[in-house]
Structures are given as structure tokens and as C-alpha cells.
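If you want the building blocks of each chain, they are given just below.
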2 protein chains.
Amino acid sequence: MTVHKFAIADAVFERSPGQEGEIYTGNLLDQRHGGPVTIGFGRYGPNQVLQETIPVHDTMIVLEGRITVSDAHGSQTAGPGEIIAMQTGDKVTIRSHETGAMTAYVTFPHWQQPEPTSSSST
Amino acid sequence: MTVHKFAIADAVFERSPGQEGEIYTGNLLDQRHGGPVTIGFGRYGPNQVLQETIPVHDTMIVLEGRITVSDAHGSQTAGPGEIIAMQTGDKVTIRSHETGAMTAYVTFPHWQQPEPTSSSST
């Protein structure tokens, strides 16, 4: 395979599943391309909240704004140039702040493959 | 596992193997922690060059400065907020520019596990 370079302008953003707010994901490299990880950009509007049980190992690098991730152990806030690492099965609440946020993410394995069994009929 | 947050100040930088220039890596989550990926920050001095056959799937997010990666197919330059994705086996030349660079990286599997067989005696 060749070396890929991705900019935010390359991403096609779609509403992230499990919420109807202003949280969007744009995969750039994923299960369609034969590699082991999914790479993309995430875009959060102001003051958005997403509650989720993380289905994969998910690393977020904050590019703009701030993201706060809370779980049973506490709360972590990351700003530009900082990393949040979540593990498969972590039950988290992800929040953006007043300015919204932009992130880059890398998941292993591909986050779009492990479909929640209860959502196939919706 | 809990949610982790990492900042550049958390990293302990060591000279990246295979070169004697000013290229440093600071792993924050790796084979010691039981997860599938290695996460860390990379620091490049000005005008550094690293020639390497990438041993793992390696995603770099440029945080500061610019990084140019060249292979047989061409050359890609990424600046702040942009991503470079390299695949296992890619033969690349990685260059920093006049201002140096800072990156975040995520590798799958752990880049420190596949030891080059010729380096165990050095």
C-alpha cells in the first residue's frame, strides 16, 4: 500500500451513531481499505454530549477545542495536541465545550464492524 | 481499564532507533499496558531525515511543524491537524522541515515488539 495523507477537508462527515446532536465522524481509512485500523476526523458542535460503551480501542487526538471524557473512575479533559485513549468496553460520557471541538481518531479494530446486536432492526 | 489522557509533558522522549539525529519518541501506552496499540508523541528537530521500512501500521498526526514522507509512489507533506498513515512494510523517508515538528502516533501492533533480528547484539 502507499502512504496516505489526510486533511480535515478530505473527510465526509456523517452523524455519529447513537445520538441526534451535532457530533459527526468522517472515516478516511477503514474496513474498506484492508488495513487493521480505522482513521478519521470527528467534529463536535458546542456543548454536545454522547454516552457510549466504547466498542473498540479508540484513540482521540484533540485538534481544536476541548473534549471531556468521564467514566466511573473520574473525568479527563483534553485540549489541542492532547490524547484521550479509551479501551474496549469503557462506559463513557464524551462532552464538548462551548467552542465545539475537532478530533482525529484511530480505532482498533474498525469501529463500524462490531454492530450493536439490538440496532440491526432500527 | 480506565480512560487515559496524555499531554506532551507526560512523555519521556528517547532517541528513535535507527538514527543518530534529533528524532525522539515518547511512548505513553504500549506493550507494557495490555492494549492492542502503542500511543505516543514524536519530536523532530529541524531538517531531520529518517529512512525506514515501517514495521507496523503507523498513523502520525502532525501537531506542530511539517513532516514529509516519501516512498516509491511519491511524497506527502502534512502540517498541523493533518494525518499521515503508513502501512506495514512501506519503505519510506521521513523528513522534518526547518522548524522541526511534533507528532502524535498510534501504531498497531506495538512498534517496539518486532525487533530487527540484526540488532540484538548491538
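For the structure given in this document, a descriptive report is provided here. Not measured: the values here are computed from a predicted model.

1. Some words on the overall build of chain A
Point 1. A tally of regular secondary structure across chain A gives 0 helices and 9 strands.
Point 2. What you see in chain A, going N to C, is helices and strands ordered as β-β-β-β-β-β-β-β-β.
Point 3. The C-alpha atoms of chain A give a radius of gyration of 14 Å, which matches the 14 Å a tight globule of 122 residues would have.
Point 4. Its C-alpha atoms give chain A principal-axis dimensions of about 40 × 35 × 25 Å.
Point 5. Counting all 122 residues of chain A, 52% fall into the buried class.
Point 6. Across chain A, the fraction of contacts at a sequence separation of at least 24, relative to all contacts at a separation of at least 6, is 65%.
Point 7. By element, 48% of the accessible surface of chain A is carried by carbon and sulfur atoms, the whole surface being about 5700 Å².
Point 8. Here chain A contributes 7 positively and 13 negatively charged side chains, and the mean placements of these two sets differ by 3 Å.

2. A short note on the interface of chain B and chain A
Point 1. Between chain B and chain A, the residue contacts involve 36 residues of the former and 36 residues of the latter.
Point 2. Here chain B meets chain A over a buried area of about 3100 Å², counting both sides, of which 69% is carbon and sulfur.
Point 3. For chain B, the biggest contributors to the area lost against chain A are Val3, Lys5 and Ile83 of chain B; these three give 23% of the whole.
Point 4. Taken together, chain B and chain A are joined by 2 salt bridges.

3. Points about the relation of the copies chain B and chain A
Point 1. Once chain B is rotated about the relating axis by 180° and shifted along it by 0.0 Å, it coincides with chain A to within an RMSD of 0.0 Å. One copy is carried onto the other by what is essentially a two-fold rotation axis. Relative to the rotation axis, the closest C-alpha in chain B is found at Val106 of chain B, a distance of 3.6 Å.
Point 2. Comparing contact sets, 100% of the residues at the interface of chain B also lie at the interface in chain A, consistent with an isologous, same-surface contact.

4. With respect to the pairing of strand E3 (residues 23-29) of chain A
Residues and elements named next belong to chain A.
Point 1. Within E3, 7 of the 7 residues are buried, which leaves the element mostly enclosed by the surrounding structure.
Point 2. Judged from the 2 bridges that link them, strand E2 (residues 14-15) and E3 form a sheet pairing that is antiparallel. Residue pairing for E3: Arg15 is matched across the bridge by Tyr24.
Point 3. Across 6 bridges, the pairing between E3 and strand E4 (residues 38-44) is antiparallel. Bridged to Leu29 within E4 is Ile39.

5. Some words on the pairing of strand E6 (residues 57-71) of chain A
All names here are of chain A.
Point 1. Summarising burial for E6: 12 of the 15 residues are buried, a large majority.
Point 2. Pairing analysis gives 12 bridges linking E6 to strand E9 (residues 91-108), with the strands arranged antiparallel. Residue pairing for E9: His57 is matched across the bridge by Phe108.
Point 3. Of the pairings in the sheet, the one linking E6 to strand E8 (residues 83-86) comprises 4 bridges and is antiparallel in character. Its bridge partner being in E8, Asp58 is matched across the sheet by Met86.
Point 4. Sheet topology note: the E6/strand E7 (residues 74-78) ladder contains 5 bridges and is antiparallel. Across the sheet, Thr68 pairs through a bridge with Thr77, a residue of E7.
Point 5. The hairpin formed by E6 and E7 contains 2 residues between the paired strands.

6. Here we look at the nonpolar core
Point 1. Phe41 and Ile61 of chain A together with Phe41 of chain B are the most contacted members of the largest nonpolar core, which has 30 residues in total.
Point 2. In this view, Ile61 of chain A contacts Glu82, Ile83, Met102, Thr103 and Ala104 of chain A together with Ile61, Leu63 and Ala104 of chain B; residues no more than four positions away in its chain are not counted.

Rules used throughout
Residues numbered from 1 in each chain as written. Chains lettered and ligands numbered in written order. Predicted model: local features only at pLDDT ≥ 70, side-chain atom pairs only at ≥ 80, totals over all residues. Heavy atoms only, no water. Helix = DSSP H or I, 4+ residues; strand = E, 2+ residues; numbered from the N terminus. Rg over C-alpha atoms; globule rule 2.2 N^0.38 Å. Buried < 20%, exposed > 50% of the residue type's maximum accessible area, 1.4 Å probe, protein only. Contact = heavy atoms within 4.5 Å. Areas by Shrake-Rupley, 256 points an atom, 1.4 Å probe, with all protein chains shown as cover. Lys, Arg positive; Asp, Glu negative; His and termini not counted. Charge placed at Lys NZ, Arg CZ, Asp CG, Glu CD. Buried area = accessible area lost by both parts, 1.4 Å probe. Salt bridge = Lys/Arg side-chain N within 4 Å of Asp/Glu carboxyl O. Least-squares fit on C-alpha atoms with pLDDT ≥ 70 in both. Pairing = 2+ DSSP bridges. Core = buried A, V, L, I, M, F, W, Y, C linked by side-chain atoms within 4.5 Å.

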